[in-house]
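An overview of the molecular structure
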Amino acid sequence: VDRRDGKLAMAHIHVAFIALLIGGLCGLLQTLVRSGQFTLPWGIGYYQLLTVHGVLLALILTTYFIFGFQIAAVSRTAGTLTDKQRMLGWIGFWTMTIGTTAAAVMVLLNEASVLYTFYAPLQAHWIFYVGLALVVVGSWIGGAGLIMKYREWRKTNPGEPSPLLTFMVIVNLTMWIICSLGVAVEVVFQLIPWSLGWVDKIDILLSRTLFWYFGHPLVYFWLLPAYMVWYVIIPKIIGGKIYSDALARLSFMLFLIFSIPVGFHHQLTEPGIDSFWKYLQVVLTMMVVIPSLLTAFSMFATFEIRGRQLGGKGLFGWFKKLPWKDARFVVPFIGMAAFIPAGAGGIINASNQMNQVVHNTIWVTGHFHLTLATTVVLTFFGAAYWLIPHLTGRVLTKQMNKLAIIQAIVWAVGMSIMSGAMHIAGLMGAPRRSDFSTYGDSAQATDWIGYQIAQAVGGTILFIGIILVLYIIVHLVWFAPKGETEFPIGEVSENAEKTPMVLENWKIWLTICIFLILFAYTVPVFDMLQNAPPGSKGYKFW
Ligand code: HAS
């Protein structure tokens, strides 16, 4: 990666890891408060803390790491960014960072304790919403630079499939732009006028619907960069080949078309949405599971083929041959393994009847600590161990490699305890997002309090994991020996079929994508507008 592009990528990565430090500390305090053994000092509110934790880790750590990674990925595979493209990257970075700072100040002042989902009826200071709007706009500007690079590449290489990693980045950005339009409408037309007092009521159902139109694809915006690492980088690290370029592209395009029209699976218990539309979106949710199953198949195939090449015999002999001492492989692998139960949990959530049991319980928190905070985050850590030294001209030492594997094991142990306890307590009805004082003395709470204490134990182990990873990152950025580190890019297996160009025909995929969105949302949103609560001036406003 060109040094100038590397600097831009590193600027994003720095912010991501600062967010990890502060957000992680809030996570530790979170579990301690819920255990009932600890009270927050200096008048800090439980929801204030929960908002800092959620916003910094789910929104800031992810978005910044993903942009840093994607900039490096495009520069590495489609070529160095032009000055104009890089300039857009910097404008995007500063716009996002000004927005993040504004939103963070409001949360710290307890003026925006509205949780990371920030939909109505919780209300924040208008500066918080403007800050978030700037983060989204900044991401569009930075994304535009990468899309320009992709278009330039295609123009100079007509009729050829683009480099796989660049293609994947563009799918992810396209999905992000389409879905973030929903949250932009919510923020600009509902939340900002309401928080400024221009209107005194807004339609809450509509606010939540616009949020979840964005909120579910958001989770795939986090997941797809992890899949980029699995499909393109891991095969090279293990010395193998990409199983199939076409399968990887198909799976990404399926994410593009199926990940947006599914937001209602977060609103299954909500009145005001006809059950037919909920049913339809649950069916589409099951469709978005398919590309993950394709990914699981492809990864198993990649591992087995390579393990057998190395002499692995019998049904599972190949498994032992994988590079179990290389952190660049082991750390993301632990993330992959976690995705098997995590994905199964997602399918439970999406199943209407079972959702009635788990919705709004701490089971859901357990689900996203496995998906996001284990699968995705461990893959990002694993990627950082080669990406950062590649960008800073350093190398990961043997000791740090070992420490990175230990870190991932600590993370897996802490998360198994914490997330396991969350899943079980959730099935007993323990609520998510509630301060201990609101239920601590209820009769039911005695059943699940042991699990809340287990969560605090797991959370403490995880915090040790955060200190370890930050130690490795600081070492990699400033203290590791100088040298060259590879940005690994896998080659496609010679046995794979040629990639059909239809997989890169944007007209077809975008048409299907827009059709499915309109199909799944037009009638229910029209219903919401028709039946908006009386006096809901927010709706009338727009
Ligand atoms: Fe989810 C709630 C459904 C995936 C994140 N989810 C959430 C929330 C978050 C989140 C943050 O339908 C909470 C939002 C809030 O605050 O209210 N989720 C799903 C489904 C999937 C899914 C069907 N979620 C994710 C991912 C996330 C994420 C990914 C973050 C990155 N989720 C839901 C639903 C709710 C929900 C409901 C709302 C619940 C409620 O009522 O509030 C699917 O995409 C999952 C498919 C995945 C698989 C797994 C495939 C396995 C693979 C690994 C292979 C392993 C290998 C290694 C090769 C089918 C690819 C070999 C290993 C060896 C050991 C040999």
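Residues numbered from 1 in each chain as written. Predicted model: local features only at pLDDT ≥ 70, side-chain atom pairs only at ≥ 80, totals over all residues.

Within an unreviewed UniProt entry, the label attached to the chain reads B(O/a)3-type cytochrome-c oxidase subunit 1, and the organism entered is Psychrobacillus faecigallinarum. The Sequence similarities (unreviewed entry) comment attached to the chain in UniProt states, word for word, "Belongs to the heme-copper respiratory oxidase family." The record held by UniProt for the chain lists under Subcellular location (unreviewed entry) the comment "Membrane". (UniProt positions renumbered as here; feature names shortened; annotations may be inferred.)

1. Let's talk about the overall build of the chain
Counting its regular elements, the chain contains 17 helices and 0 strands. Taking 2.2 N^0.38 as the reference for a compact globule, 542 residues should give roughly 24 Å; the C-alpha atoms of the chain span a radius of gyration of 23 Å, in line with that estimate. With respect to the three principal axes, the spread of C-alpha positions in the chain is 65 × 50 × 45 Å. Summarising the internal contacts of the chain: among those between residues at least 6 apart in sequence, 85% fall at separations of at least 24. (Helix = DSSP H or I, 4+ residues; strand = E, 2+ residues; numbered from the N terminus. Rg over C-alpha atoms; globule rule 2.2 N^0.38 Å. Contact = placed C-beta atoms within 7 Å.)

2. Some points on the environment of His-14
Summarising the element assignment, His-14 is placed in helix α1 (residues 3-34). Taking the C-beta count within 10 Å as the criterion, His-14 has 14 such neighbours and is therefore assigned partly exposed. (Buried ≥ 20, exposed ≤ 12 C-beta atoms within 10 Å, placed from the backbone.)

3. Considerations on helix α13 (residues 398-427)
Helix length check: α13 (30 residues) gives 43 Å between terminal C-alpha atoms against 44 Å at 1.5 Å per residue, within 8%. Immediately beyond the C-terminal end of α13, within one or two residues, lies Gly-429, with a positive phi of roughly 100 degrees. (Expected span 1.5 Å × (residues − 1).)

4. Thoughts on the site of the ligand
Around the ligand, the surrounding shell holds 32 residues, and the nearest of these are Gly-343, Gly-346, Asn-349, Ala-350 and Phe-368. When residues of the shell around the ligand are traced back to their parent elements, those giving at least two are α6 (204-237), α8 (275-309), α10 (327-350) and α12 (362-392). When grouped by side-chain class, the residues that make up the shell around the ligand number 19 nonpolar, 13 polar and no charged. (Near = placed C-beta within 6 Å. Nonpolar A, V, L, I, M, F, W, Y, C, P; charged D, E, K, R; others polar.)

5. Focus: unusual backbone geometry
Glycine aside, the phi torsion of most residues is negative, and most peptide linkages are trans. Omega for the peptide link from Ala-120 to Pro-121 comes to 15 degrees, which places this bond in the cis form. Tracing the chain through its elements places Pro-121 in the loop between α3 (83-108) and α4 (126-156). The phi dihedral of Asn-360 is positive, around 60 degrees, even though this residue is not glycine. Position of Asn-360 among the secondary structure elements: in the loop between α11 (352-358) and α12.

6. Remarks on the environment of Trp-94
Its place among the elements puts Trp-94 in helix α3. Judged by the 15 C-beta atoms lying within 10 Å of it, Trp-94 is partly exposed. Considered as a pair, Trp-94 and Phe-368 are 274 residues apart in the sequence and their alpha carbons are 29 Å apart.

7. Quick notes on helix α2 (residues 46-78)
If you check α2, its first and last C-alpha atoms are 46 Å apart, about what 33 residues at 1.5 Å a residue would give, namely 48 Å. Of all bends in α2, the biggest is about 30 degrees, found at Leu-56. Of all 33 residues making up α2, 32 are buried, and the element is well covered by its neighbours. Remark: Gly-79 follows α2 within two positions and exhibits a positive phi of approximately 115 degrees. (Bend = angle between axes of the 7 residues up to and from the residue.)

8. Quick look at the packing of α12 against helix α15 (residues 445-479)
For the pair α12 and α15, the least separation of the axes is 9 Å and the interaxial angle reads 15 degrees. One element, α12, and the other, α15, form an angle in the roughly parallel class. Both α12 and α15 take part in a crossing whose hand is right-handed. Residues Phe-381, Ala-384, Ile-388, Pro-389 and Thr-392 of α12 lie in contact with α15, whose contacting residues are Val-469, Ile-473, Leu-476 and Val-477. (Axes fitted to C-alpha atoms, helices over the stretch in contact; angles between N-to-C directions. Parallel < 35°, antiparallel > 145°, perpendicular 65-115°, else oblique. Left-handed = near helix turned anticlockwise from the far one by under 90°.)

9. Some details on the environment of Val-183
Take Val-183: it is sitting in helix α5 (residues 164-195). Judged by the 22 C-beta atoms lying within 10 Å of it, Val-183 is buried. As for Val-183 and Trp-212, which are separated by 29 residues in sequence, their C-alpha atoms are 8.3 Å apart. With residues near it in sequence (within four places) discarded, Val-183 still touches Val-136, Leu-210, Phe-211 and Phe-214.

10. Re the confidence of the model for the chain
Looking at the chain as a whole, the pLDDT averages 92, with 96% of positions reaching at least 70. Note on residues 537-542: pLDDT is under 50 here. Beyond four places in sequence and across chains, it has 19 contacts. For this predicted complex, the interface confidence comes out at an ipTM of 0.96, alongside a pTM of 0.94. (pLDDT = per-residue confidence, 0-100.)

11. Details of the packing of α10 against α12
Contact geometry for α10 and α12: axes closest at 8 Å, N-to-C directions at 160 degrees. It follows from the interaxial angle that α10 and α12 lie roughly antiparallel. Between α10 and α12 lies a crossing whose hand is left-handed. Taken together, the residues that form the contact of α10 with α12 break down as 15 nonpolar, 10 polar and 1 charged.

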